[in-house]
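# Structure assessment
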Amino acid sequence: MAELDPSKKVADRYLKREVLGEGTYGVVYKAIDTQTGQTVAIKKIRIGKQKEGVNFTALREIKLLKELNDPNIIELIDCFPHKGNLHLVFEFMETDLEAVIRDRNIFLSPGDIKSYLQMTFKGLAHCHKKWILHRDMKPNNLLIGPNGQLKLADFGLARIFGSPDRRFTHQVFARWYRAPELLFGTKQYGPGVDVWAAACIFAELLLRRPFLQGSSDMDQLGKIFAAFGTPSPSQWSDMVYLPDYVEYQYVPAPPLRSLFPMASEDALDLLSKMFTYDPKERISVQQALEHRYFTCPPPPTDPDKLPRPAPKKEIKESDLNPREGPTVLSPPRKTRRVMPGRDGLEGSSLQGDKVDDTHSNRKQAAGENNTGKNDPAPMSLDFSIFGLKPPNRPTINSDPLIINDFNQGYLTITEIEIVDVLKAFSLMSSRELEELDHHDDWEKKTDEYLFKFSFT
Amino acid sequence: MAANFWTSSHYKHLLDQEDVDMVNPLDKEKGVTVEDFKLIKMHMSNYILKLAQQVKVRQRVVATAVTYMRRVYTRKSMTEYDPRLVAPTCLYLASKAEESTVQARLLVFYIKKLYADDKYRYEIKDILEMEMKILEALNYYLVVFHPYRSLSGFLQDAGLNDLSMTQLTWGLVNDTYKMDLMLVHPPHLIALACIYIASVLREKDTTVWYEELRVDMNVIKNISMEILDFYESNRMFTDERINAALHKL
């Protein structure tokens, strides 16, 4: 109990403001650091109910972010326990790249695209230099700060790599950003997977829509091959040995120019090097940064001057008043991640909420946000005014868990959480869990040595 | 694990020997000497290893857990942070940080199996509470580097990677976890010291190889001496002495 006091002091340092959203593993609050006056985002990691202590995904994020310190990577300012929950303090970010791409009021000049891309690559290059794979690169995870700085966030799937023959799970990345080797089930991969995803983001900035929107892993490969042609063994010799390799009908590659009519020659050249099939031949992110695309005019726009979605209003009571017209096109907040509560999986109450939410108009949805914790806040753009459905963004490993399909892409369940959930319900034996991430012989050998040899 | 050691928090947080051997004032009040302090930490390293063998985790998890435990006691007292709870909790936390999670209830089960003594008895909720306190004590720095990887690289480079040398050096590295060496020295130097001892024992001439490495041989020799001293004094580490030291807490 004596420990409560110091932690309370830390907690008092931050003045809690409104809820920003429901994160992958807890609620995210906006807060003011009373010592520095800085606005911060605090992730509260629920621990109380779980029997397995600090959430595994959260721990990964803490572990890696403590090692990463770069202007283009989100800063983990502080961690503190309070009332049995762990709180992570991040710098506050206004918006993210997905919101920029989707905002039809924004025009992105070639210099703007170059600037956003350069910041993305710089952050990624820093990760790779430290032997860390991000494994969940997508516009939604590229946050944008008040000064226009873009920062990589969400390291819940990131891993340290570099051990030879180290085997990893291939179920990483949201599908549209997954490299072909992952789709073919490779368990041994490297920084190339992040480069492929970065190339998809590049393409998405040029096209202003997700580039390769596959509806399943097979379809994703089909989309990739339709864009770049079916790879021949001479292009990618290891392909046929990949675990889930299947032969696709030969399709020739259309000229890249036809896919990106507005892009410069330099941009197309860089894109083609990043979208190289063979991961061994694919350009590294450091090489990409040195590509002439970044040195030739136009220069990258100064981050300060980058176009961003209009500043979001603070929610006032009047915004929730149903008598006012349905004018909230760009709702004041955006939930970055929505994760059903653990209890939500047991009943259907969650489902009911979500269905209601998608059918009701925005005002009502905003109103309901006060009551339902798990209600997704509206996305940054109301697609209904265009008579379109928002594209159903696939998330990591969404194929086997389609329970969230009704939710129009608002949900993100990561691989880890599926594991956590299954573990909670004891559906998965520890052996199966073990197999999720394979380890190499080297480590088995060290185990043997450890247990066999000791001289004391 | 291969990541960049020189830019890591591990490298930045290496300590001086004097700081490592500082007994916390609270423990000092209870009559804990530097010797007791070392003895308890050694005993707890063994405890972590025993538990790890039961729950079957990877070697790296054990090494990381012992490192966490030793780091905790450079900042916290044993009076407030009971080693008998800190040790299993470090194993629990390390298993997560090294991506090979062990369930807390499994640990609790094996703790009971290993020690009938009530003083070792802790429940799941104790471990989970301590996990948070340990995270705080570690200042949330969780990435740890170990000598094993550089060891295999060095052995190969020196052409000493036969079974006998590999086993000998590996065992030596394992035993360094019974000391505070990893808090003071970078892992590759610990690996080099272990190879040095092994090559003397097995009468392998490695002088030229060491010269080519351009490392400070004085440091290697000092680490080697520390390891040999440890083996020397290890005979005197009896259970009675360990229990007497623990009893002071």
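In this text the structure is predicted, and so the values were computed from the model without any measurement.

## Remarks on the overall build of chain A
Helix and strand counts for chain A stand at 16 helices and 10 strands. Classification of the 456 residues of chain A by burial places 42% in the buried group. Considering only contacts within chain A whose residues lie at least 6 apart along the sequence, 66% involve residues at least 24 apart.

## Details of the domain arrangement of chain A
Residues and elements named next belong to chain A. When its domains are assigned, chain A resolves into domain 1 (4-91), domain 2 (95-305) and domain 3 (317-410). Taking the mean C-alpha position of each, domain 1 and domain 2 sit 29 Å from one another. Tallying the contact residues gives 14 residues for domain 1 and 17 residues for domain 2. The element best represented in the side of domain 1 that touches domain 2 is helix H2 (residues 56-65), accounting for 5 residues. Its residues assigned to classes, the side of domain 1 that touches domain 2 comprises 6 nonpolar, 3 polar and 5 charged.

## Details of the confidence of the model for chain A
Residues and elements named next belong to chain A. Scored by pLDDT, chain A has a mean of 72; 63% of the residues are at 70 or more. Note that pLDDT drops below 50 for residues 1-6; the model gives that stretch 1 contact with residues more than four away or on any other chain. Taken as a whole, residues 397-456 scores under 50 in pLDDT and shows 97 contacts with residues more than four places along the chain or in a different chain.

## Some points on helix H6 (residues 83-97) of chain B
All names here are of chain B. Taking 1.5 Å per residue as the helical rise, H6 with its 15 residues ought to reach 21 Å, and the 20 Å between its terminal C-alpha atoms agrees with that figure. Burial within H6 is extensive, with 15 of its 15 residues counted as buried. Phi turns positive one or two residues past the end of H6, at Glu99, with a value near 60°.

## So, the UniProt feature "active site" (unreviewed entry) in chain A
When the UniProt feature table is mapped onto this chain numbering, "active site" (unreviewed entry) sits at A:Asp136. Locating A:Asp136 in the fold gives a position in the loop between strand S7 (132-133) and strand S8 (142-144).

## Considerations on the environment of A:Thr169
Residue and element names in this part refer to chain A. Its place among the elements puts Thr169 in the loop between strand S10 (159-160) and helix H5 (180-183). A count of 18 C-beta atoms within 10 Å places Thr169 in the partly exposed class. Spatially, the C-alpha atoms of Thr169 and Gly185 are 8.5 Å apart, while their sequence positions differ by 16 residues.

## Overview of the UniProt feature "domain: Cyclin-like" (unreviewed entry) in chain B
Residues and elements named next belong to chain B. Under the feature "domain: Cyclin-like" (unreviewed entry), the UniProt entry names residues 46-136 and 149-229. For residues 46-136, helix accounts for 69% and strand for 0%, while the C-alpha atoms at its two ends are 24 Å apart. End-to-end, the C-alpha atoms of residues 149-229 are 25 Å apart, and along that stretch the chain is 77% helix and 0% strand.

## Comments concerning the environment of A:Leu97
Considering the arrangement of structural elements, one finds A:Leu97 in helix H3 (residues 97-102). Between the C-alpha atom of A:Leu97 and that of A:Pro309, which follows or precedes it by 212 residues, the distance is 9.8 Å.

## Re the nonpolar core
Taken as a class, soluble globular proteins show a tendency for nonpolar side chains to be buried jointly. Counting 142 residues, the largest nonpolar core has A:Ala198, B:Ile48 and B:Cys90 as its most contacted members. Per-element tally for this core: the top contributor is helix H6 (residues 192-207) of chain A, with 12 residues. Setting aside its immediate chain neighbours within four residues, A:Ala198 contacts A:Thr120, A:Phe121, A:Leu124, A:Met137, A:Met274 and A:Val285. Residues B:Leu160, B:Val173, B:Ile190 and B:Leu192 belong to the second largest nonpolar core, which totals 24 residues.

## A few points about the domain arrangement of chain B
Residues and elements named next belong to chain B. Segmentation of chain B into domains returns domain 1 (5-143) and domain 2 (147-234). Of the residues lining the interface, 14 residues belong to domain 1; the matching set on domain 2 comes to 7 residues. Of all the elements in the fold, those that place two or more residues in the side of domain 1 that touches domain 2 are helix H2 (17-20), helix H4 (34-55) and helix H5 (59-72). No other element matches the 5 residues that H5 contributes to the side of domain 1 that touches domain 2. Classifying every residue of the side of domain 1 that touches domain 2 by side-chain character gives 8 nonpolar, 4 polar and 2 charged.

## Details of the packing of H4(B) against H6(B)
All names here are of chain B. As a packed pair, H4 and H6 sit with axes 9 Å apart at the nearest point and diverge in direction by 45°. Judged on the interaxial angle alone, H6 and H4 are oblique. As for how H4 packs across H6, the hand of that crossing is right-handed. Note on element contacts: H6 touches H4 through Pro83, Ala87, Pro88, Cys90 and Leu91, opposite Ile40, Met44, Tyr47, Ile48, Leu51 and Ala52. Its residues assigned to classes, the contact of H4 with H6 shows 11 nonpolar, no polar and no charged.

## Structural notes on the sheet that holds strand S6 (residues 95-96) of chain A
With antiparallel pairing, the 3 strands of this open sheet are ordered in space as S6-S8-S9 (chain A). The sheet is open, and its two borders are formed by S6 and strand S9 (150-152) of chain A, each paired with just one other strand.

Here is what the cut-offs are and how they apply
Residue indices begin from 1 for each chain and proceed along its sequence in written order. The naming scheme follows written order: chains are lettered A onward, ligands numbered 1 onward. Totals for whole chains, interfaces and linings use every residue, but because this is a predicted model, local features are given only for residues with pLDDT of at least 70 and side-chain atom pairs only at 80 or more, for both listing and counting. Secondary structure elements follow DSSP: runs of H or I of four or more residues count as helices, runs of E of two or more count as strands, with numbering from the N terminus. Exposure is read from a count of other C-beta atoms within 10 Å of each residue's own; the residue is exposed at 12 or fewer, buried at 20 or more and partly exposed in between. C-beta atoms are placed from the backbone. Residues are scored as being in contact if the C-beta atoms we place from backbone atoms lie within 7 Å. All the domain ranges listed were derived from an automatic or database domain assignment. For this classification, the nonpolar set comprises Ala, Val, Leu, Ile, Met, Phe, Trp, Tyr, Cys and Pro, the charged set comprises Asp, Glu, Lys and Arg, and every other residue, Gly included, is treated as polar. Scored from 0 to 100, pLDDT records how confident the predictor is in each individual residue. Expected span of a helix, by definition, is 1.5 Å for each gap between consecutive residues, and there is one gap fewer than residues. UniProt positions are given in the numbering used here, feature names are shortened, and annotations may be inferred rather than shown by experiment. Each nonpolar core comprises buried Ala, Val, Leu, Ile, Met, Phe, Trp, Tyr and Cys residues, the members being joined through C-beta atoms within 7 Å. Axis definition: a line fitted to C-alpha atoms, limited for helices to the stretch in contact. Angles are taken between N-to-C directions and run from 0 to 180 degrees. To sort the angles, those under 35 degrees are grouped as roughly parallel, those over 145 as roughly antiparallel, those from 65 to 115 as roughly perpendicular, and the leftovers as oblique. Crossings are assigned a handedness: left-handed for a near helix turned anticlockwise from the far helix by less than a right angle, right-handed for a clockwise turn. Strand pairing requires that DSSP identify at least two bridges connecting the strands.

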